[in-house]
Amino acid sequence: MENLNKEEAASFKESYDIEYTVEPKKSDFQFDGKIWVLINRKCYSASDAFAAFCKQTGFAILMGENTGGAGLLPIHPVYLKFPKSGMLIKYDMFYTLNLDGSNNAETGTAPDYPVKQQYALKACLEIIEKSEKN
């Protein structure tokens, strides 16, 4: 976890390593191509969870900019009511980490190929074209 913030990690009281195993369903369908997923800061929550899945498992290649994060939360954000004012705030109670140790809420999921959003599709198609020639 080369990007773990040591100062913040020193304040951790507990940590959890949550792992899910999903067994694939048997199928006669065979796909041997590559899947490319374009991402940027607007990919948040469920789309960040999908991007993180792609990155962690190698399911797809990520191209573009870091996502907006919030996809690694084990439960939805919680609500806190202030006793005197009655004000209600919503917050993430977990500090979720990417595989490299960076905070997912702050940095999101990083692409395999970082490219500015407006050039992501073009760059993706160029890489695919080059790989087909080799």
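Coordinates for the structure precede this section.
The structure reproduced in this document is the subject of the present report. Because the structure is predicted, anything quoted here is derived from the model rather than measured.

## Here we look at the overall build of the protein
Move 1: Check the secondary structure of the protein and you find 4 helices and 5 strands.
Move 2: Tracing the protein from N to C terminus, the helices and strands come up as α-β-α-β-β-β-α-β-α.
Move 3: Relative to the globule expectation of 14 Å for 134 residues, the C-alpha radius of gyration of the protein, 18 Å, shows a markedly less compact shape.
Move 4: Overall size of the protein, expressed as C-alpha extent along the three principal axes, is 65 × 40 × 30 Å.
Move 5: Looking at the protein as a whole, 24% of its 134 residues qualify as buried.
Move 6: Restricting the contact set of the protein to residue pairs at least 6 apart, pairs at least 24 apart contribute 68%.
Move 7: A total of about 10,600 Å² of accessible surface is found on the protein, and carbon and sulfur atoms cover 56% of it.
Move 8: For the protein, the centre of its 15 positive side-chain charges and the centre of its 18 negative side-chain charges are spaced 7 Å apart.

## Notes on helix 4 (residues 120-133)
Move 1: Its 14 residues give helix 4 an end-to-end C-alpha distance of 20 Å, which sits within 8% of 20 Å, the value for a rise of 1.5 Å per residue.
Move 2: Listed in full, the buried residues belonging to helix 4 are Ala120, Ala123 and Cys124. Mapping the buried residues of helix 4 onto a view down its axis gives an arc of 100 degrees, with all of them on the same face. Turned more than 90 degrees from where helix 4 packs its buried face, Leu121, Lys122, Glu132 and Lys133 sit exposed.
Move 3: Residues of helix 4 that are buried make contact with strand 1 (36-39) and strand 2 (61-64).

## Considering the environment of Ala60
Move 1: Relative to the helices and strands, Ala60 resides in the loop between helix 2 (46-57) and strand 2.
Move 2: Residue classification places Ala60 among the buried positions, given a relative accessible area of 4%.
Move 3: Between the alpha carbons of Ala60 and Gly71 there is a distance of 17 Å; along the sequence they are 11 residues apart.
Move 4: Leaving out residues up to four positions away in the same chain, Ala60 has contacts with Ile35, Val37, Cys54 and Asp112.

## Brief notes about the side chain of Asn103
Move 1: Its place among the elements puts Asn103 in the loop between strand 4 (88-91) and helix 3 (104-107).
Move 2: In terms of polar contacts, Asn103 uses its side chain to reach the backbone amide nitrogen of Ala105, at 2.7 Å.
Move 3: Sequence-distant contacts of Asn103, defined by excluding residues within four places in its chain, comprise Tyr95, Thr96, Leu97, Asn98 and Gly108.

## Some points on helix 2
Move 1: Here helix 2 contains 12 residues, and its C-alpha end-to-end distance of 16 Å stays within 8% of the 16 Å for a straight helix at 1.5 Å per residue.
Move 2: Those residues of helix 2 lying buried are Asp48, Ala51, Ala52 and Cys54. Each buried residue of helix 2 sits inside an arc of 160 degrees when the element is viewed along its axis, so together they form one side.
Move 3: Against the buried residues of helix 2 lie strand 1, strand 2 and helix 3.
Move 4: Of the residues one or two after helix 2, Gly58 is the one with positive phi, at around 75 degrees.

Calculation criteria
Residues numbered from 1 in each chain as written. Predicted model: local features only at pLDDT ≥ 70, side-chain atom pairs only at ≥ 80, totals over all residues. Heavy atoms only, no water. Helix = DSSP H or I, 4+ residues; strand = E, 2+ residues; numbered from the N terminus. Rg over C-alpha atoms; globule rule 2.2 N^0.38 Å. Buried < 20%, exposed > 50% of the residue type's maximum accessible area, 1.4 Å probe, protein only. Contact = heavy atoms within 4.5 Å. Areas by Shrake-Rupley, 256 points an atom, 1.4 Å probe, with all protein chains shown as cover. Lys, Arg positive; Asp, Glu negative; His and termini not counted. Charge placed at Lys NZ, Arg CZ, Asp CG, Glu CD. Expected span 1.5 Å × (residues − 1). Arc of directions from axis to C-beta. Polar contact = N/O pair within 3.5 Å; in protein donor to acceptor, adjacent residues only side chain to side chain.

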